[in-house]
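Structural overview
One letter stands for each residue in the lines below.
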Amino acid sequence: MLETSARLLRLLSLLQVRRDWTGADLASRLGVDVRTVRRDVDKLRSLGYPVNATSGVAGGYQLGAGAELPPLLLDDDEAVAVAVGLRTAANGTVSGIEETSVRALTKLEQVLPSRLRRRVSALTAHTSTLAPFGPTIDAGTLTTIAGATRDHQAIRFRYQGRDADAAPRHVEPRGMVHTGRRWYLVAWDLDRADWRTFRLDRIDGDPTLAARFTPREPPHEDLAVYVSRQVSSVVYRHRARLLVHAPIEAVREETSPTSASLEAVDEHSCLMTTGAERLDVLAIHLGVMGFDFEVLDPPELREHLRVLGERFTRAAGAEHLSAD
């Protein structure tokens, strides 16, 4: 059984990892009874930690928001990740947090053990960051949506579509995905009764919170894969599925999550889903990719490639005759 001080730190760590705990779950994790958990929770409250309790047999507990930010418990990897993340945020695609990121980083590095400072310094000393080339997102928008996703709370906002004026949307957020250039929200659209992907830079104004909801089954077990498929092909007039005769790692280096969705077949090939507004643009993109491939769908792309191939062959033949 843990000593009281060590148990309090363990309890605090558990409360910070997950939003809601039952008294029985905490007691099981700590190796004590529920009554001891109640006493330990009271001790945390006396130290300034806002631990909320819910009534009932389960005796639920939740670390709430207080008047001041209580100390956080971070392991070594978490501390390094936060430090590197703060450095990245100072030059990232989230607007309005550059200065606050620097201030938070200064405070964190002051208390980092020397072994962790060396790890952070090594990472940053040998890493260069280009200025962000994608649209920036207001930090308040990100935190509002992240909190609503965590708490299963619907949100309302006005959304600027590609070819339409901003319109009201009412959604149940499932998660956000960052492609390296843009932020996307995957959410269940209550008015359209379907899953939708929203670019966060197209949200007009601040999202507002609505009623709580019961989470639905997500459209895909990996939201990053889902967003990649949506933005790389679904929005385009022409969609294509290809068997590429190259390892997925090699193909990934020549594409991006917003231009193609990839799925490994074996160590020598992968499936690619992509799209474009015009077949000739799609054909040229595939031609310069640098890998052999087979068109699985659509048939018109195969015909388009055949016509282009004959045209290029004639052009290469004519050039050869002129040289002779």
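Look above for the structure.
To keep things clear, this report deals only with the structure shown in the data block. (Residues numbered from 1 in each chain as written. Predicted model: local features only at pLDDT ≥ 70, side-chain atom pairs only at ≥ 80, totals over all residues. Heavy atoms only, no water.)

1. Some thoughts on the side chain of Asp 189
- Residue position: Asp 189 is located in strand β8 (residues 183–189).
- For Asp 189, the side chain forms a polar contact with the main-chain nitrogen of Asp 191, separated by 3.0 Å. (Helix = DSSP H or I, 4+ residues; strand = E, 2+ residues; numbered from the N terminus. Polar contact = N/O pair within 3.5 Å; in protein donor to acceptor, adjacent residues only side chain to side chain.)

2. What about the packing of aromatic side chains?
- With the rule as written, the count across this model stands at four aromatic pairs.
- Judged by centre distance (5.4 Å) and plane angle (85 degrees), the ring pair of Phe 157 and Phe 198 falls under edge-to-face. A residue pair is termed long-range when its members are at least 10 positions apart, and Phe 157 in strand β6 (residues 153–159) and Phe 198 in strand β9 (residues 194–199) qualify at 41 residues.
- By relative accessible area, which is 5% here, Phe 157 ends up buried.
- Judged by centre distance (5.5 Å) and plane angle (80 degrees), the ring pair of Trp 188 and Trp 195 falls under edge-to-face. As far as the burial class goes, Trp 188 and Trp 195 line up, both buried. (Phe/Tyr/Trp six-rings, centres within 6.5 Å; stacked < 30°, edge-to-face > 60°. Buried < 20%, exposed > 50% of the residue type's maximum accessible area, 1.4 Å probe, protein only.)

3. Some thoughts on the packing of helix α1 (residues 4–17) against helix α2 (residues 23–30)
- Look at α1 against α2: their axes get within 11 Å of each other, and the N-to-C directions meet at 130 degrees. Of the possible angle classes, the one that applies to α1 and α2 is oblique. Here α1 runs over α2; the crossing is right-handed. Every residue of α2 that contacts α1 at Arg 7, Arg 10, Leu 11, Leu 14 and Leu 15 is listed here: Leu 26, Arg 29 and Leu 30.
- Residue composition of the contact of α1 with α2, grouped by class: five nonpolar, no polar and three charged. (Axes fitted to C-alpha atoms, helices over the stretch in contact; angles between N-to-C directions. Parallel < 35°, antiparallel > 145°, perpendicular 65-115°, else oblique. Left-handed = near helix turned anticlockwise from the far one by under 90°. Contact = heavy atoms within 4.5 Å. Nonpolar A, V, L, I, M, F, W, Y, C, P; charged D, E, K, R; others polar.)

4. Things to note about the pattern of salt bridges
- Enumeration according to the criterion identifies 13 salt bridges in this entry.
- With a closest N to O distance of 2.9 Å, Asp 189 and Arg 169 form a salt bridge. Note that Asp 189 is positioned in strand β8 and Arg 169 in strand β7 (residues 167–178), a separation of 20 residues in sequence.
- Assessed through its relative accessible area of 0%, Asp 189 is described here as buried.
- One salt bridge connects Arg 192 with Asp 189, and the closest N-O pair in it is separated by 3.3 Å. (Salt bridge = Lys/Arg side-chain N within 4 Å of Asp/Glu carboxyl O.)

5. Here's the deal with the sheet that holds strand β1 (residues 20–21)
- In spatial order, the strands read β1-β3-β2; together these three strands make up an open sheet with antiparallel pairing. Two strands close off the open sheet at either side, each with one partner strand: β1 and β2 (51–53).
- As paired strands, β1 and strand β3 (residues 61–63) are joined by two bridges and run antiparallel to one another. The residue bridging Trp 21 from the neighbouring strand is Tyr 61, located in β3.
- Most of the contacts of α1 go to β3, to which it runs at about 80 degrees, and overall it touches β1, β2 and β3. (Pairing = 2+ DSSP bridges.)

6. Quick word on the pairing of strand β12 (residues 260–266)
- Here β12 runs beside strand β13 (residues 269–276); their pairing, made up of six bridges, is antiparallel. Counted as the bridge partner of Asp 266 is Ser 269 from β13.
- Taking the residues that link successive antiparallel strands as the turn, the β12-β13 hairpin has two residues.

7. Digging into a positive patch on the surface
- Side chains of Arg 35, Arg 38, Arg 39 and Lys 43 sit close together on the surface and give a patch of like positive charge.
- Here Arg 38 shows up in helix α3 (residues 34–46). (Patch = residues over 30% accessible without salt bridge, like charges linked within 9 Å, V, L, I, M, F, W, Y side chains within 5 Å. Areas by Shrake-Rupley, 256 points an atom, 1.4 Å probe, with all protein chains shown as cover. Lys, Arg positive; Asp, Glu negative; His and termini not counted. Charge placed at Lys NZ, Arg CZ, Asp CG, Glu CD.)

8. What to know about the nonpolar core
- Core analysis: the largest hydrophobic core is formed by 18 residues, its most contacted members being Leu 242, Val 244, Val 251, Met 272, Leu 286 and Leu 301.
- Looking at this core, the elements with two or more residues in it are β11 (238–244), α9 (248–253), β12, β13 and α10 (279–287).
- Dropping the residues within four chain positions of it, Leu 286 is found in contact with Leu 242, Met 272, Phe 293 and Leu 301.
- Membership of the second largest hydrophobic core comes to 17 residues, among which are Leu 8, Leu 30, Tyr 49 and Val 51. (Core = buried A, V, L, I, M, F, W, Y, C linked by side-chain atoms within 4.5 Å.)

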